[in-house]
Amino acid sequence: MSAKVRIKCPYCGDVSNLHEGETTCNKCRNQLGVNSGGSIYLYRQGSAYGCAGGFSIYINGEAYGSIGNKELLRIPLGYGTYNIHCAAGMSRSCRDLLVTVTPENPVAYTKVYIKPGFWTNSFVVEPMDPKLLEL
């Protein structure tokens, strides 16, 4: 399974997917820090719940676009601690995940899915075994 590279431009704030070999922002054309040290892989587990729409992604409260059903994203980030939150439409309830990316542990593998509830559904972000991604 190949991952789309999702990056947020530090200059203009544009969030976009990069294609192989791209290193500049599609909007302002500034250089992007694609190899900024670490990455978060986020996989949206396939499910009939909410499959028609994307889940919005927030990392440390900043929007990083959305993720489709059975989609895998690689989000390059510098070393640090990050809170991953997902939401869609009126559903804002999410069991967030806090991950730390370091030189010793440069990649965090995570997945998101919907947990059906009686009154409302909630999102769950949790660690994932990278072997399941077949990278």
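Residues numbered from 1 in each chain as written. Predicted model: local features only at pLDDT ≥ 70, side-chain atom pairs only at ≥ 80, totals over all residues. Heavy atoms only, no water.

1. Brief notes about the pattern of salt bridges
Thinking step 1. Counting across every chain of the model gives four salt bridges.
Thinking step 2. Between Lys8 and Glu62 there is a salt bridge whose closest N-O contact spans 3.4 Å. With Lys8 in strand S1 (residues 4-8) and Glu62 in strand S5 (residues 62-67), this residue pair connects regions lying 54 residues apart in the sequence.
Thinking step 3. Classification of Lys8 by relative accessible area gives partly exposed; the value is 21%.
Thinking step 4. With a closest N to O distance of 3.4 Å, Arg95 and Glu126 form a salt bridge. (Salt bridge = Lys/Arg side-chain N within 4 Å of Asp/Glu carboxyl O. Helix = DSSP H or I, 4+ residues; strand = E, 2+ residues; numbered from the N terminus. Buried < 20%, exposed > 50% of the residue type's maximum accessible area, 1.4 Å probe, protein only.)

2. As for the packing of aromatic side chains
Thinking step 1. One pass over the full model with this rule turns up two aromatic pairs.
Thinking step 2. Note on Phe55 and Phe123: the rings are 4.7 Å apart at their centroids and 75 degrees apart in plane angle, and the pair reads as edge-to-face. Here Phe123 lies in strand S11 (residues 122-127) and Phe55 lies in strand S4 (residues 55-59), a separation of 68 residues in the sequence. Each member of the pair, Phe55 as well as Phe123, carries the same accessibility label: buried.
Thinking step 3. Taking the ring centre of Tyr64 as reference, the NZ or CZ of Lys8 above it sits at 5.6 Å.
Thinking step 4. One cation-aromatic arrangement involves Arg44 over Phe55; the distance from NZ or CZ to the ring centre is 3.5 Å. (Phe/Tyr/Trp six-rings, centres within 6.5 Å; stacked < 30°, edge-to-face > 60°. Lys NZ or Arg CZ within 6 Å of the ring centre and 35° of its normal.)

3. Comments concerning the sheet that holds strand S7 (residues 80-87)
Thinking step 1. Strand order in the open sheet formed by four strands is S5-S4-S7-S9, with antiparallel pairing between adjacent strands. Each end of this open sheet is capped by a strand with a single partner; those strands are S5 and strand S9 (97-101). Pairs of neighbouring strands in the sheet enclose a mean axial angle of 30 degrees, with direction left out of account.
Thinking step 2. Pairing of S4 with S7 involves four bridges; the strand directions are antiparallel. In the strand pairing of S7, Ile57 is matched with Cys86. (Pairing = 2+ DSSP bridges. Axes fitted to C-alpha atoms, helices over the stretch in contact; angles between N-to-C directions.)

4. Examining the pairing of S7
Thinking step 1. Of the strand pairs in this sheet, S7 and S9 are connected by five bridges, and their pairing is antiparallel. The partner of Gly80 across the bridge, within S9, is Val101.

5. Things to note about the environment of Gly54
Thinking step 1. Mapping Gly54 onto the fold places it in the loop between strand S3 (38-44) and S4.
Thinking step 2. Relative accessible area serves as the criterion here: at 37%, Gly54 is assigned to the partly exposed category.
Thinking step 3. For the pair Gly54 and Gly65, spaced eleven residues apart in sequence, the C-alpha to C-alpha distance is 8.9 Å.
Thinking step 4. Ignoring anything within four residues of it in the chain, the contact list for Gly54 reads Arg44, Ser66, Ile67 and Ala88. (Contact = heavy atoms within 4.5 Å.)

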